[in-house]
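Take a look at the letters that make up each chain.
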Amino acid sequence: MAHAAVTASVIIPAHNEEAVIARTLEPLADAAARGALEVIVVCNACADRTAEIAGAFPGVSVLESGIPSKTHALNLGDETATSWPRIYLDADIVVSEQSITATAIALSTRRWLAARPRSEFVMTGTGPMVRAYYRARSRMSSLGRAMWGAGVYGLSEEGHRRLGRFPDVIGDDLWVDRLFAPDEKTVIAAEPVAVRVPRTISALVAISRRNVSGAREAGPSVGPDATSASGQAAVDQHDPAGVLRELLGTIRSPLTAFDAMVYIAIALSSRLGRHSRRWERDDTSRA
């Protein structure tokens, strides 16, 4: 027997995304038009045609705000959305209706409070160092279990109650990931999300520096048991020592050793560089 149609709200914060917003909305357009998904694009401080392009898709709701803040846009989308679960999708990420539906089904079972579809890196047009970095990252299974890093994640209604409102943080996905213990979140084995990676080393370092800044922000307690050392270790994927141990464990050949060295070099550069609360965005993958 086929599953009944699952209704979910998809909230897409967008800041000057005219180059990619159509690419993101096209796989969800049919579901939005027939009412299977509530798709909301929140344009925050856009000075381009993002709102116009998004509004041309039947069934897609467009909100506009003059405040240049992703977390403010997420909260504005939450205030407007009417359905559960909630799926939060970056404006440059391509995800199929099937993957959104599979994530919504998982969250509707009440077993999971947070979930996302699996992801794969699209490395078209990147240089050898960028490819080496993402090959190393792909071998680290712990990074594939977190809610951050894929540009999409979802919350059940119960999971959202734990969140409340998005605080003013750099890494909303990292913040959400830290809210839940490992047995409260899952990665769905659905059609993978296409994550286009930075094409240049400088862009990769800038994004990595932003992620480090997000990891350094004071985070929430992990899950319902804030004293769980094992839960903290499993969630805090930005622990340098833990990441290094796992990375060294992936070395099996000269190529994997080279990849690991590149990963370490970029990670060190990201940690030692100058940090600020300014939002760093990769425009090389939006070309």
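Residues numbered from 1 in each chain as written. Predicted model: local features only at pLDDT ≥ 70, side-chain atom pairs only at ≥ 80, totals over all residues. Heavy atoms only, no water.

### Remarks on empty space enclosed by the protein
(1) Moving on: As enumerated under the stated definition, the model contains one cavity of 30 Å³ or more in all.
(2) Moving on: What the largest cavity holds in volume is close to 60 Å³.
(3) Moving on: Lining the largest cavity are P13, K70, L74, Y88, L89, D90, M147, G151, V152, Y153, D172 and D173.
(4) Moving on: Breaking the lining of the largest cavity down by element, the ones donating at least two residues are α4 (70–80), β4 (86–89), β6 (152–155) and α8 (172–178). (1 Å grid on protein atoms, 1.4 Å probe; cavity = no way out; pocket = protein on both sides within 12 Å on 5 of 7 lines; lining within 4 Å. Points joined across faces, edges and corners; volume = space filled by probe spheres on them. Helix = DSSP H or I, 4+ residues; strand = E, 2+ residues; numbered from the N terminus.)

### Structural notes on the confidence of the model for the protein
(1) Moving on: Model confidence for the protein is summarised by a mean pLDDT of 86, while 84% of its residues fall at 70 or above.
(2) Moving on: Note on residues 224–237: pLDDT is under 50 here. Beyond four places in sequence and across chains, it has 19 contacts. (pLDDT = per-residue confidence, 0-100. Contact = heavy atoms within 4.5 Å.)

### Thoughts on the pairing of strand β5 (residues 114–122)
(1) Moving on: Two strands pair when backbone bridges link them, and β5 and β6 are joined in this way by two bridges, in the antiparallel orientation. Each bridged residue has a counterpart across the sheet, and for A115 the counterpart in β6 is G154.
(2) Moving on: Pairing geometry for β5 and strand β7 (residues 185–196), over eight bridges, is parallel. Among the inter-strand pairings, E120 is bridged to a residue of β7, identified as A194. (Pairing = 2+ DSSP bridges.)

### A word on the packing of aromatic side chains
(1) Moving on: All chains considered together, the criterion is met by five aromatic pairs.
(2) Moving on: Measuring from centroid to centroid gives 5.5 Å for Y88 and Y153, while their planes differ by 35°, and the two rings are tilted. Taken as a pair, Y88 in strand β4 and Y153 in strand β6 lie far apart in primary sequence, 65 residues in all. Neither residue differs from the other here; Y88 and Y153 are each classed as buried.
(3) Moving on: Ring geometry for Y133 against Y263: centres 4.7 Å apart, planes inclined by 10°, an arrangement best described as stacked. With Y133 in helix α6 (residues 128–138) and Y263 in helix α12 (residues 254–272), the pair connects residues that are 130 residues apart, well separated along the chain.
(4) Moving on: Classification of Y133 as buried rests on a relative accessible area of 7%. (Phe/Tyr/Trp six-rings, centres within 6.5 Å; stacked < 30°, edge-to-face > 60°. Buried < 20%, exposed > 50% of the residue type's maximum accessible area, 1.4 Å probe, protein only.)

### Comments concerning the pattern of salt bridges
(1) Moving on: One pass over the structure, following the stated rule, counts 11 salt bridges.
(2) Moving on: One salt bridge connects K70 with D90, and the closest N-O pair in it is separated by 2.9 Å. With a gap of 20 residues between them, K70 in helix α4 and D90 in the loop between β4 and α5 (97–108) connect regions that are remote in the sequence.
(3) Moving on: Note on D90: relative accessible area 22%, which makes it partly exposed.
(4) Moving on: In this structure, the salt-bridge partner of K70 is D172, at a minimum N-O distance of 3.0 Å. Here the residue K70 occupies a position in helix α4, and D172 occupies one in helix α8, the gap between them amounting to 102 residues.
(5) Moving on: A cluster of three or more residues bridged by salt bridges with shared partners is formed by D30, R34 and E97. (Salt bridge = Lys/Arg side-chain N within 4 Å of Asp/Glu carboxyl O.)

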